Amino acid sequence: MHFQRISMFILRSIAISLMLLTILPSPAQTSKKEAAEKLRLKQLDDSIPLFRGFSVKADVVGLIQKAVSDYGQYEAGLKLNLKDKYFPVIELGLGQTNHQDITTNTSYKTSAPYGKIGVDFNILKNKHDIYRFYVGFRYAFTSFKFDLDHPDVKDPVWGGTAPFSGQNISANYHWGELVAGIDAKIVGPLHLGWSARYKRRIAHNDGTMGNVWYVPGFGKQGGTRLGGTFDVIIDI
Amino acid sequence: MRQVRHHQKSLVAMLFTMLVMASCSSVDCPLNNTVSANFQLEGNVTKLTDVLTISTLLHNGNDSILLNQLQSAQKFSLPMSYGQDEDVLFFQTGTIKDTVWIAKENHPHFVSVDCGVNFFHTVTGIRYTRNALDSIVINQKEITYDALPTHFYVYFKEYRY
């Protein structure tokens, strides 16, 4: 009786092991599959032309920012598709603000274009999917003029007043952006996507008043270095 | 279809997160918002034995005291006028009086719409009478929020009685 039980246990163990062997692929099988998939994707990559078309895009975040606050930007871009892998991109925008601070009685007004140029890289394994995951960078530049209005300042010691306003003060800004984002095909040529951006100032000329407050395309001084876009993209 | 809906939901969530991130900001007004010229005694007299009183000529033509009877003066700070091209200072040591004229350019200095305003200065020249004073030298011509630099070295005569 005891011998029979042991035999049953051994038989069951062998049966379960065999089943597991058929279900779980061996490491050798996995690497074979991966290699086959790699080969398929490589052949697919090789078979498609370098130039895969281009798309135009418009950012919605800047529009919302402009609608709900006193600064924001209109931004659109053109993106080339090279082998579904590399995406050289040009983005052009118009940044505007007309801000008045009632506490300090200071008004700041500017409206100027800006431009960004850079490349996105699709880092998904399957580059030809309807989803894309990008990382990339931008170099951005704007040259702008701003008006700063403030009532004349009363001198607390000597008395009298001194003017503290400036019109058409010239300034410029160079900055870089690190980009990470996704886009997905929604229907037909329409894609929707978002990108998160980390901005760093490279060089700047603040003009004659010591500082600038809002820089078209870059945003407010003292604001966060993080930004983002929500893009409506149309493949052409 | 389900996948697209899920993706659209995550896009909306990301958009909201980005808007919240983009709305973060801080006010970076300078902690030290006074602009003063720093003077230091140099030469043979680095510490005055007489009390030092400094007054100035106001915008309306009256005098006003800026520094009242400072004892054992070695260094001191004085405000600068916001808009005058030249500040006139009267240095009185004991009974002796000297007049100092500081010529300067005034630069409105803007930090942010959230902060107060102030003026920076560039000293372009200095003249003085030589009763108790021997000379005054411009060491740092830019006068800003930076409180550390000594802008003027003041040399008093050793034997002034």
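In short, a report on the structure.

Thresholds, definitions, all that
- Residues numbered from 1 in each chain as written.
- Chains lettered and ligands numbered in written order.
- Predicted model: local features only at pLDDT ≥ 70, side-chain atom pairs only at ≥ 80, totals over all residues.
- Helix = DSSP H or I, 4+ residues; strand = E, 2+ residues; numbered from the N terminus.
- Buried ≥ 20, exposed ≤ 12 C-beta atoms within 10 Å, placed from the backbone.
- Contact = placed C-beta atoms within 7 Å.
- Pairing = 2+ DSSP bridges.
- Axes fitted to C-alpha atoms, helices over the stretch in contact; angles between N-to-C directions.
- Core = buried A, V, L, I, M, F, W, Y, C linked by C-beta atoms within 7 Å.

Turning to the overall build of chain B, a few remarks are in order. Within chain B one finds 1 helix and 10 strands. Starting at the N terminus, the α and β elements of chain B follow one another as α-β-β-β-β-β-β-β-β-β-β. In chain B, which comprises 161 residues, the share counted as buried stands at 24%. Counting contacts in chain B only where the partners sit at least 6 residues apart, residues at least 24 apart contribute 53% of the total.

Another aspect to go through is the overall build of chain A. Scanning chain A for helices and strands turns up 3 helices and 12 strands. Summarising the internal contacts of chain A: among those between residues at least 6 apart in sequence, 61% fall at separations of at least 24.

Residue and element names in this part refer to chain B. With mixed pairing, 4 strands are arranged side by side in an open sheet as S4-S1-S10-S8. Each edge of the open sheet is held by one strand with a lone partner, namely strand S4 (75-79) and strand S8 (133-138). In this sheet, neighbouring strand axes are inclined to one another by 25 degrees on average, regardless of whether the strands run parallel or antiparallel. Of the strand pairs in this sheet, strand S1 (residues 36-42) and strand S10 (residues 152-156) are connected by 4 bridges, and their pairing is parallel.

On to unusual backbone geometry, then. In this structure, Asn105 of chain A takes a positive phi of about 60 degrees despite not being glycine. Tracing the sequence through the fold places Asn105 of chain A in the loop between strand S3 (86-101) and strand S4 (106-122). The exposure class of Asn105 of chain A is partly exposed, given the 13 C-beta atoms found within 10 Å. The backbone of Ser72 of chain B shows a phi angle near 50 degrees, a positive value even though the residue is not glycine. Summarising the element assignment, Ser72 of chain B is placed in the loop between strand S3 (63-70) and S4.

Residues and elements named next belong to chain A. Taken in spatial order, the 8 strands line up as S1-S2-S3-S4-S5-S8-S9-S12 and close into a barrel, and their pairing is antiparallel. Direction aside, neighbouring strands of the sheet carry axes that sit 25 degrees apart on average. As defined by bridge partners, strand S5 (residues 131-149) adjoins strand S8 (residues 166-187) across 17 bridges and the pair is classed as antiparallel. Paired with Phe141 across the bridge in S8 is His174.

So, about the environment of Leu226 of chain A. Mapped onto the secondary structure, Leu226 of chain A falls in strand S12 (residues 226-235). For Leu226 of chain A, a count of 14 C-beta atoms within 10 Å puts it in the partly exposed group.

Residue and element names in this part refer to chain A. Among the nonpolar cores identified, the biggest contains 22 residues, and Tyr108 and Phe146 are the most heavily contacted of them. Looking at this core, the elements that each hand over two or more residues are S4, S5, S8 and strand S10 (214-215). Once residues within four sequence positions are removed from consideration, Phe146 is found in contact with Tyr108, Lys109, Thr110, Ile169, Ala171 and Val212.

Before going further, it helps to examine the environment of His99 of chain A. Within the secondary structure, His99 of chain A sits in strand S3. Between the C-alpha atom of His99 of chain A and that of Pro151 of chain A, which follows or precedes it by 52 residues, the distance is 15 Å. The contact partners of His99 of chain A, leaving out residues within four places of it in the chain, are Asp70, Tyr71, Ser107 and Tyr108 of chain A together with Val113 of chain B.

On to the pairing of S12 of chain A. Residue and element names in this part refer to chain A. By the bridge criterion, 5 bridges tie strand S1 (residues 51-59) to S12 in an arrangement that is antiparallel. Across the sheet, residue Asp59 finds its bridge partner in S12, namely Asp231. For strand S9 (residues 190-205) and S12, the ladder comprises 9 bridges, and the chain directions are antiparallel. Its bridge partner lying in S12, Arg197 is registered against Gly227.

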